[in-house]
Amino acid sequence: MHPIRRYLSSAWQALFGDAVRAFGVVSAVLLLALAIAPAKNQFAQWHQYQRRYLSLIHDRGDAVTLRRRFQPGIHQTWLPELGVVDRCTTCHLGLNEAGLGDVSQQPFRKHPAIPHSLDGFGCVICHGGQGPATTVAEAHHSERAGEEPILPARYIESGCGQCHQNALPGTPQLNLGRAMLTRYGCVRCHAITRPDGTRVMATDHPPSLVHIADKTTREWIYSWLKDPQAYAESTTMPNYKLSDADARDLSAYLMSSSTPREGDTALAATKAGSSADLAAGPSLYGQSFCASCHAVQNAAGNLVGGDVGPELTRIGNKAKPEWLAAWLANPRVYDATTLMPHYRFTAQQVATLTTFLQAKSDSDYGTGVHLDAPIPAQVAHGKRLIVELGCAACHEINGVQKPENFAPDLSTIGSKPLAQIVFLPGMEVSLPSYIVAKIRQPRAFGASVKMPQFALTAPQADALTTALLSLTNRSRSMPDTLRVAATVETNYQPAGHAGKLINELACFSCHRINGRGGDMAPDLTWEGSSVQRQWLIDFLRNPNTLRPSLIRRMPRFNLSDSENKELTEYILAVYQSPAVDADAVPDPSHSPDVVEHGKQLFYSKYACQSCHIANDKTDKGYIGPTLTQVGSRLTAAWIYSWLKNPQALRPGTTEPNQNMSDEDARALAAFLMSLKGQGAHGAKL
Amino acid sequence: MITRIRSMMVRAGIVLVGVFALVGVAGCKRPAQQATTLKASAAGTALVESSGGHQLGVTGTALKDPLVVQVNDDQGTAVPGALVEFHGPFGVTFDPAAMLTDTSGQATTAVTLGTIAGRYQLSAVTPGKSKAVTIEIVEMALGYQQRVGSILNEKHCSRCHDPESSAERVSNFNNLEVKPHAFAEGDTLNKMSDADLTAIIQHGGPALNRSALMPPYGSTLSASDVRALISYIRAVADPPYQSAGTVYARK
């Protein structure tokens with residue numbers, strides 16, 4: 001004790017023994033303290049980067065300009081309304097330097113061209129990371145509570161999705177991810193509310209199971225539940241990894257709860273009266289363009305056909321023949337909201353197609369499934385499982401309520417704090433790595449996890465992750481002026497009897513009208529202004545293809561004459577564009593001079609033959625519709641307005657706007673109207 | 001007392017050094033664990049690219065198709081069980097980066113390109129019988145603007161400019177009296193200035209005294225769309241396009 005005290009007191013004496021000494025020492029300490037800040041600056045990481053930048057530009061031809069623009073010290077982009085405090089440009093000094101395009105060394109590379117100014121949005125909005133940080137470790141890699149590491153480049157499109165709720169042409173991955181959220185039924189279990197308060201709605205069409213026993217067998221249900229992709233590789237139904245007993249009990253409940261549907265068996269009578277024309281099966285399937293919506297696996301194992309309806313590779317294994325016949329005769333009896341048209345097939349056509357489709361089966365499928373008649377306890381267990389697994393979130397099932405908020409809300413999943421996430425051992429600690437792992441292998445996070453196994457490729461999982469990462473807190477606190485609203489499908493419903501016909505023919509499955517419907521076929525919103533009455537009647541009776549290179553085509557429906565007339569009159573009366581002025585082209589019977597002038601314009605000035613065929617002997621253009629009989633098809637007023645501005649009538653059409661004078665448009669319209677085709681109407685192409 | 005404190009400090013120091021050493025050893029061990037040891041059962045004398053080269057990818061993302069190379073022997077027959085390693089510049093990852101060829105002599109890997117837009121030169125190496133055999137594979141990563149250009153090309157231009165047809169898209173190339181060039185034809189397109197490209201895209205063939213079969217897009221596409229198309233055309237040019245902008249020379 002004693003020596004220490006002596007030592008201390010002598011030190012005290014030496015430093016602060018008298019006023020002068022004390023003053024000197026205190027001043028020295030003060031000076032040192034003052035020097036700490038500049039010294040820290042001098043040795044700071046960002047300072048080293050700034051020195052490196054200076055030496056990088058030192059030898060360049062444009063060093064003088066670059067050096068003049070260089071500002072030493074910490075840079076900051078502060079955007080209070082976006083919550084952005086970004087100091088990234090302290091080290092990323094070349095981001096805005098157009099001249100540094102050839103520099104590939106980080107952190108000095110020029111930012112790639114994007115539609116926004118970097119100063120207006122800062123960096124972290126898209127890239128994540130810690131904006132205010134001034135060291136690489138903190139800015140890029142922080143895993144501390146409330147912070148996030150920088151976003152891997154492959155998810156960068158999620159940044160766009162925070163403001164842009166609509167599909168952008170430049171963000172295919174985000175668009176795909178968003179489409180999958182609605183197509184794979186994700187939003188049937190997980191609620192997602194957009195920042196403007198609208199709900200993301202599912203666009204898939206999971207079948208109702210209330211009459212399932214009419215459609216298929218218990219054995220098929222069992223095999224399907226065990227492995228949906230084994231039946232149809234392309235199905236979006238996930239795999240619940242059910243045990244044999246669970247699949248047995250689920251199938252037992254579904255069969256026992258199913259109620260019969262009258263129409264499904266009533267048709268067996270009509271079917272008995274007509275026999276199938278075996279040879280006609282493939283051609284009827286082809287003519288009806290079933291493949292536009294349904295895919296079938298070919299011999300090489302590739303799926304050929306559309307994905308609007310279910311895959312039909314093994315439909316014979318699933319559908320009972322009498323159900324299939326009834327379905328083909330009128331699908332709306334079994335499912336009033338199906339996307340499948342009511343083709344109005346004759347009884348013989350129904351029998352032919354039924355036989356043709358029944359043959360699409362795999363003799364190995366479902367062999368070895370033997371189910372004994374269920375006991376009540378199994379049925380009851382099946383029902384419990386349905387409630388537990390949330391089957392009714394997608395499928396209508398007798399005796400089970402559709403669950404509300406079955407799975408966690410994902411509206412702000414993109415800002416989920418890392419502290420709330422349980423990472424698996426060995427997993428990278430970041431939100432994207434968690435989301436992608438959860439999507440790809442949900443059950444890896446525990447056997448009790450209810451989320452099923454989806455059959456997703458790596459790019460699909462990345463796309464979904466991108467869409468989910470865009471659902472951030474920031475996207476909700478963003479000023480409204482920055483928000484671009486989603487294009488939401490309208491619930492347009494055509495009126496009256498014709499409207500009912502449009503529903504029965506499922507026109508909306510392929511065509512868009514007034515903001516509702518598919519995009520496989522042309523938008524019909526202005527069809528009434530566009531086409532002539534007789535052409536429309538003929539086309540509905542026997543659709544021929546307008547575009548030589550189209551693979552998907554309009555199917556033929558067996559419409560009665562009165563149905564045909566009704567539909568035609570409705571289209572002509574209702575689907576009229578205010579922009580197409582019938583008076584703009586006064587006289588459709590133009591003088592030969594005008595027609596000849598129009599022909600000149602067609603072939604020389606505008607070289608329309610590069611895409612269209614006006615004369616099938618000389619022209620070969622293969623992109624736009626054939627025009628050999630356009631004078632019998634389109635109205636003069638439509639052609640004129642179309643030539644003046646195609647995108648105004650059909651946004652997104654690839655026909656270029658040629659900025660045509662009124663005079664040229666009139667002459668071309670006159671020439672096109674003179675192309676009546678061989679024969680009266682509907683001559684072949 | 002002082003000695004007590006001193007010995008405590010020494011002890012703490014030893015413990016600290018020990019902890020650091022352990023952390024260090026653990027840290028060094030990690031990469032060693034990652035490297036898998038593959039035992040090749042055969043070796044070939046030649047390596048060929050089967051598929052997956054010359055793809056247009058997107059920066060930082062996986063290429064659409066896997067890269068497949070095949071190991072052959074002197075007779076040109078496939079060699080199964082040979083070791084193949086893939087290498088690429090910084091930022092490129094292969095999954096897997098090394099593997100043995102399958103029964104048909106092929107090695108397949110998924111490639112993720114780096115975050116810089118541009119041409120990536122990758123290589124595949126097989127030890128070979130006497131000396132290692134290497135082949136070079138080129139892939140392309142498009143940046144944002146270039147990708148917008150590629151999407152616009154797909155929608156508006158490729159039907160005429162790309163002579164190849166696909167199942168979903170029939171090419172119109174053969175129907176044109178004056179043949180356009182595929183955008184990859186650097187020999188021709190590299191000679192056109194940005195201003196000329198802009199002129200012909202916006203105002204059509206006649207703008208450069210060329211055929212009107214090339215339509216004008218100035219009223220259909222925005223100026224930034226046209227810039228995006230040009231950046232795409234420059235990106236896919238083969239031989240590569242050298243920017244005609246400022247040339248920086250060392251003093």
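Residues numbered from 1 in each chain as written. Chains lettered and ligands numbered in written order. Predicted model: local features only at pLDDT ≥ 70, side-chain atom pairs only at ≥ 80, totals over all residues. Heavy atoms only, no water.

Draft legend 1. Summary view of the interface of chain A and chain B. Tallying the contact residues gives 41 residues for chain A and 32 residues for chain B. When the two sides are added together, the surface that chain A and chain B hide from each other amounts to roughly 3,000 Å², 57% of it contributed by carbon and sulfur. The largest contributions to the chain A side of the interface with chain B come from Asp 59, Ser 610 and Ile 623 of chain A, which together make up 14% of the buried area. The interface formed by chain A and chain B contains one salt bridge. Of the charged contacts in the structure, one is a salt bridge between Arg 147 of chain B and Glu 157 of chain A, with a shortest N-O distance of 2.7 Å. Where chain A meets chain B, there are eight residue pairs in polar contact (both at pLDDT 80 or more). Elements with a minimum of two residues in the side of chain A that touches chain B: helix H9 (172–183) and helix H29 (592–605) of chain A. Its residues assigned to classes, the side of chain A that touches chain B comprises 14 nonpolar, 17 polar and 10 charged. (Contact = heavy atoms within 4.5 Å. Buried area = accessible area lost by both parts, 1.4 Å probe. Salt bridge = Lys/Arg side-chain N within 4 Å of Asp/Glu carboxyl O. Polar contact = N/O pair within 3.5 Å; in protein donor to acceptor, adjacent residues only side chain to side chain. Helix = DSSP H or I, 4+ residues; strand = E, 2+ residues; numbered from the N terminus. Nonpolar A, V, L, I, M, F, W, Y, C, P; charged D, E, K, R; others polar.)

Draft legend 2. A look at the domain arrangement of chain B. All names here are of chain B. Here the domain parsing of chain B yields domain 1 (46–141) and domain 2 (144–236). Between domain 1 and domain 2, the C-alpha centre-to-centre distance is 31 Å. At the junction of the two partners, domain 1 supplies six residues and domain 2 supplies five residues. Between domain 1 and domain 2 the total buried area reaches about 380 Å² when both faces are included, carbon and sulfur atoms providing 60% of it. A per-residue breakdown of the area domain 1 buries against domain 2 is headed by Leu 56, Val 58 and Met 140, which together make up 67% of the total. Inspection of the region where domain 1 meets domain 2 yields zero salt bridges. The interface formed by domain 1 and domain 2 contains one residue pair in polar contact (both at pLDDT 80 or more). (Domains from an automatic or database assignment.)

Draft legend 3. Here's a closer look at the pattern of salt bridges. All names here are of chain A. In total, this model carries 22 salt bridges over all chains according to the counting rule given. The closest approach of N and O atoms between Arg 248 and Asp 249, which form a salt bridge, is 2.8 Å. What makes Asp 249 buried here is its relative accessible area of 3%. Between Arg 512 and Glu 489 there is a salt bridge; the shortest N-O distance is 3.5 Å. You can see Arg 512 sitting in strand E5 (residues 512–513) and its partner Glu 489 sitting in the loop between helix H24 (473–477) and helix H25 (496–504), a full 23 residues away along the chain. Connected through shared salt-bridge partners, Arg 344, Lys 500, Glu 504 and Glu 563 make up one network. (Buried < 20%, exposed > 50% of the residue type's maximum accessible area, 1.4 Å probe, protein only.)

Draft legend 4. Representation of the pairing of strand E8 (residues 118–126) of chain B within the structure. Residue and element names in this part refer to chain B. Pairing of strand E4 (residues 83–87) with E8, which is carried by three bridges, proceeds in the antiparallel orientation. Pairing of Glu 85 across the sheet is with Val 125, part of E8. Sheet analysis places E8 next to strand E9 (residues 133–142), joined by nine bridges and oriented antiparallel. Paired with Thr 126 across the strands is Val 133, a residue of E9. (Pairing = 2+ DSSP bridges.)

Draft legend 5. The arrangement of the sheet that holds strand E3 (residues 67–72) of chain B in detail. Residues and elements named next belong to chain B. The four strands lie next to each other as E1-E3-E7-E5, forming an open sheet whose pairing is antiparallel. Edge positions in the sheet fall to strand E1 (46–51) and strand E5 (93–95), since each has one partner strand and no second. Taken over all neighbouring pairs, the strand axes of this sheet differ in orientation by 35 degrees on average, direction set aside. Direction of pairing for E5 relative to strand E7 (residues 106–112): antiparallel, over a ladder of three bridges. Looking across to E7, one finds that Phe 94 is bridged to Val 111. (Axes fitted to C-alpha atoms, helices over the stretch in contact; angles between N-to-C directions.)

Draft legend 6. Representation of the sheet that holds strand E2 (residues 56–58) of chain B within the structure. Residues and elements named next belong to chain B. With mixed pairing, five strands are arranged side by side in an open sheet as E2-E9-E8-E4-E6. Here the strands that pair on one side only, and so sit at the sheet edges, are E2 and strand E6 (98–100). Within the sheet, the average angular offset between the axes of one strand and its neighbour, ignoring direction, is 30 degrees. Its contacts with the sheet put helix H2 (residues 144–161) on E2 and E9, and the angle it makes with E9 is roughly 80 degrees. Strands in contact with helix H5 (residues 223–236) are E2, E8 and E9; relative to E9, the strand with the most contacts, it is inclined by about 175 degrees.

Draft legend 7. Molecular detail of the packing of aromatic side chains. Per the counting criterion, the structure on display carries 25 aromatic pairs over all chains. Arranged with centres 6.2 Å apart and planes meeting at 75 degrees, the rings of Phe 423 of chain A and Tyr 434 of chain A form a pair that is edge-to-face. Linking Phe 423 of chain A in the loop between helix H21 (376–389) and helix H22 (431–440) with Tyr 434 of chain A in helix H22, this pair joins segments that are 11 residues apart in sequence. With a relative accessible area of 18%, Phe 423 of chain A lands in the buried category. Here Tyr 434 of chain A falls in the buried class, since its relative accessible area comes to 13%. For the ring pair Trp 638 of chain A and Trp 642 of chain A, a centre distance of 6.0 Å and an interplane angle of 25 degrees mean the geometry is stacked. Of this pair, Trp 638 of chain A and Trp 642 of chain A both sit in helix H31 (residues 636–644), four residues apart, which is roughly one turn of that helix. Like Trp 642 of chain A, Trp 638 of chain A is buried. An aromatic cluster of at least three residues, connected via ring pairs, comprises Trp 220, Trp 224, Tyr 231 and Tyr 365 of chain A. Over the aromatic face of Trp 535 of chain A sits the side chain of Arg 633 of chain A, whose NZ or CZ is 5.7 Å from the ring centroid. When the ring centre of Tyr 241 of chain B is taken as origin, the NZ or CZ atom of Arg 234 of chain B, which lies over that ring, is 3.8 Å away. (Phe/Tyr/Trp six-rings, centres within 6.5 Å; stacked < 30°, edge-to-face > 60°. Lys NZ or Arg CZ within 6 Å of the ring centre and 35° of its normal.)

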